[in-house]
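Examining the three-dimensional arrangement
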Amino acid sequence: MEGPRGSGKSTILRAIAANRRATLIDLDDESVLRLVRQDPGAALAAPGLVAVDEFHRAPDVLSVVKRVVDREGGVGRFLLAGSVSSFLLPPGTETLTGRAHRLVLPPLSIAESLGTDRRWLAELVDTGCPPSVRTDVTRSSVFDAVVAGGYPAALQRSSLSARSRWFRSYLATVTDRDLSDLIDIRRAGALARLYQSVASRTSSVLINAELGQALDLTSPTIAAYRGYLERLYLTAEIPGWTVGASAKPGRRPKVHVFDTGLAAGALGLSAERLAASPIGGAFLESFVLNELVRQATSIDEDLRFSHFRDRSGVEVDIVVERSDGQVFAFEVKAARSVDRKDGRGVMFLRSRLGDRLTAGLIFHTGPLTVQLDERVWAVPVAALWGGDAFPVSSVEGQGRRSRPTHTSE
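In short, a report on the structure. These figures come from a predicted structure and were not determined experimentally.

**As for the overall build of the protein chain**
Each helix and strand counted, the protein chain has 16 helices and 12 strands in total. For the protein chain, restricting intrachain contacts to residue pairs at least 6 apart in sequence, the fraction spanning at least 24 positions comes to 70%. With the model as given, the accessible surface of the protein chain reaches about 17700 Å², and the carbon-plus-sulfur share is 49%.

Here you go:
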């Protein structure tokens, strides 16, 4: 189980360990970490389930896991949780290929944080048309949700200023501590500054040379550091999606922040400032993408996310393709009302794909779900969580992950 620090992995791992009476090894405890690094085989030599938290801090445990699994066989022998992608572990580290199921646990979706059981994307995929939702959620409340993000510990903060302080501390901890266990970052603070730069350009195609010039870093260094941000689950890339022949720029990936709350906190942006900012629409696009990706984890189907840009400049923010080739296309607008002109991109795809396009949707910050054209709808962003009001200062529900009184992540 991997995912960003603070997403709830430790809470889930501890709950499973307690329920299964498993042996729990917490590598966030420095005294435990030192012992495990000296003799990982002895540390993991316990009957029944062994749960290891922050396994990436002692990569040698993976070799022990491999030996035990190969010798004893069976399933469910180990439960591992880590805040760094296993792809970032040192060369030569055991990968457990064919021996482990990898699960990424993102921060909470808004529906989860509010404790609702509405799964908007699952209903869309199942029926082929969006659930009809009417909402009283205002545009400003939508941006409240954008800057809140999905980290449980941040959502528990009683004020916006306390939440902002948590975000700043979180970014410093993740970039300075977690990565330093694995890689030597020679320029202090460079990774955090790159994250801020990427955050200010979220939902866009990034050029390493431009980022390097702004941060006084070489393009190869920027390329490497961007990889680190992705492996720390701070950013994510979605590839370009093409229909037949397409210009090369259309295949470049778009970069999105993994959590808009953290990104807004890193840039010192309140909901009010973000809603009025030129980058407000880009943040809203990343927010919608994150919500869709998080909801997709509950669907037992491989949904592939990408973006589309034609050589003529026609764009679609988010394209979701099912395993059978059917496509859903999404545009995201920060306005409170939209019309057919705002659906130019999804209608272009409809003309190219025909019946392969199941539905085209234009998200907006208004109150109504309205059909604009054949298989094209305008949908409130708040429909993603059922249209319920979003509290500004706290979250009332607990969602799928119980909220801990403390967190070790």
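**Considerations on the nonpolar core**
Judged by nonpolar contacts, the single largest core of 81 residues is most densely connected at Trp 120, Tyr 195, Phe 330 and Trp 385. Beyond its immediate stretch of four places on either side in the chain, Trp 120 contacts Pro 130, Pro 131, Leu 292, Gln 295, Phe 330, Leu 361, Phe 363, Val 379, Ala 383 and Leu 384. Leu 27, Leu 44, Val 50 and Leu 96 belong to the second largest nonpolar core, which has 19 residues in total.

**As for the sheet that holds strand 3 (residues 78-81)**
Across the sheet, 3 strands lie side by side as 1-2-3; this open sheet has parallel pairing. Each of the sheet's edge strands pairs with one partner strand only, and the pair in question is strand 1 (23-26) and strand 3. The average undirected angle you get between the axes of adjacent strands in this sheet is 10°. Inspection of the sheet shows strand 2 (residues 50-53) paired to strand 3 by 4 bridges, in the parallel sense. Note that in strand 3 the partner of Ala 51 across the bridge is Leu 79.

**Regarding the sheet that holds strand 7 (residues 304-309)**
Strands pair in a sheet through their backbones, by hydrogen bonds, and they do so in one of two ways: parallel or antiparallel. Spatially, 5-7-8-9-10-12-11 is the arrangement adopted by the 7 strands of the open sheet, whose pairing is mixed. Every interior strand has two partners, whereas the edge strands, strand 5 (240-241) and strand 11 (370-373), have only one. Sheet analysis places strand 9 (residues 327-332) next to strand 10 (residues 357-364), joined by 6 bridges and oriented parallel. Note on strand 10: the bridge partner recorded for Val 332 is Phe 363. Contacts between helix 6 (residues 120-127) and the sheet are confined to strand 9, strand 10 and strand 12 (376-380), with strand 9 contributing the most and set at about 135° to the helix. Sheet strands touched by helix 16 (residues 344-353): strand 5, strand 7, strand 8 (315-321), strand 9, strand 10, strand 11 and strand 12. Its angle to strand 10, the strand with the most contacts, is close to 175°.

**Comments concerning the side chain of Ser 286**
Looking at the secondary structure, you find Ser 286 in helix 15 (residues 280-296). On the accessibility criterion, Ser 286 (0% relative accessible area) is buried. Beyond its immediate stretch of four places on either side in the chain, Ser 286 contacts Thr 202, Ser 203, His 256, Val 257 and Thr 260.

**Some points on the packing of aromatic side chains**
Counting across every chain of the model gives 12 aromatic pairs. Between Tyr 225 and Tyr 228, the ring centres sit 5.7 Å apart and the planes meet at 35°, which makes this aromatic pair tilted. Of the two residues, Tyr 225 and Tyr 228 are both situated in helix 12 (residues 219-231); the distance of 3 residues between them amounts to about one turn of the helix. Tyr 228 gets classed as buried once you look at its relative accessible area, which sits at 17%. Where Trp 241 meets Phe 308, the ring centres are 6.3 Å apart and the plane angle is 65°; that geometry is what we call edge-to-face. In this pair, Trp 241 is assigned in strand 5 and Phe 308 in strand 7, connecting sequence segments 67 residues apart.

**Remarks on the pattern of salt bridges**
Scanning the entire structure with this criterion turns up 24 salt bridges. One salt bridge connects Arg 57 with Asp 28, and the closest N-O pair in it is separated by 3.6 Å. In this pair, Arg 57 is assigned in the loop between strand 2 and helix 4 (61-72) and Asp 28 in the loop between strand 1 and helix 2 (30-38), connecting sequence segments 29 residues apart. Among the residues examined, Arg 57 registers a relative accessible area of 5% and is labelled buried. The class for Asp 28 is buried, based on a relative accessible area of 14%.

**A few points about the pairing of strand 2**
Both faces of strand 2 are covered, namely the face carrying Val 50 and Val 52 and the face carrying Ala 51 and Asp 53. One ladder, built from 4 bridges, connects strand 1 with strand 2; its direction is parallel. Residue pairing across strands places Thr 23 opposite Val 50, the latter belonging to strand 2. Read as a crossover between parallel neighbours, the route from strand 2 over helix 4 to strand 3 is right-handed.

**Things to note about the environment of Arg 193**
By the secondary structure assignment, Arg 193 is in helix 10 (residues 190-199). Between the C-alpha atoms of Arg 193 and Ala 266, which are 73 residues apart in sequence, the distance is 9.3 Å.

**Considerations on unusual backbone geometry**
Negative phi values dominate among residues other than glycine, just as trans dominates among peptide bonds. Positioned with a positive phi, Glu 54 is a non-glycine residue whose angle comes to about 60°. Among the secondary structure elements, Glu 54 is positioned in the loop between strand 2 and helix 4. With a phi close to 60°, Asp 216 is a non-glycine residue in the positive phi region.

**Let's talk about the packing of helix 11 (residues 208-215) against helix 12**
Where helix 11 meets helix 12, the closest approach of the two axes is 8 Å, and the angle between their N-to-C directions is 100°. Of the possible angle classes, the one that applies to helix 11 and helix 12 is roughly perpendicular. The segment helix 11 lies against helix 12, with Asn 208, Ala 209, Leu 211, Gly 212 and Leu 215 engaging Ser 219, Ile 222, Ala 223 and Arg 226. For the contact of helix 11 with helix 12, the per-class residue count stands at 5 nonpolar, 3 polar and 1 charged.

What counts as what
Residues numbered from 1 in each chain as written. Predicted model: local features only at pLDDT ≥ 70, side-chain atom pairs only at ≥ 80, totals over all residues. Heavy atoms only, no water. Helix = DSSP H or I, 4+ residues; strand = E, 2+ residues; numbered from the N terminus. Contact = heavy atoms within 4.5 Å. Areas by Shrake-Rupley, 256 points an atom, 1.4 Å probe, with all protein chains shown as cover. Core = buried A, V, L, I, M, F, W, Y, C linked by side-chain atoms within 4.5 Å. Buried < 20%, exposed > 50% of the residue type's maximum accessible area, 1.4 Å probe, protein only. Pairing = 2+ DSSP bridges. Axes fitted to C-alpha atoms, helices over the stretch in contact; angles between N-to-C directions. Phe/Tyr/Trp six-rings, centres within 6.5 Å; stacked < 30°, edge-to-face > 60°. Salt bridge = Lys/Arg side-chain N within 4 Å of Asp/Glu carboxyl O. Right-handed = clockwise from strand over helix to strand, strands pointing away. Parallel < 35°, antiparallel > 145°, perpendicular 65-115°, else oblique. Nonpolar A, V, L, I, M, F, W, Y, C, P; charged D, E, K, R; others polar.

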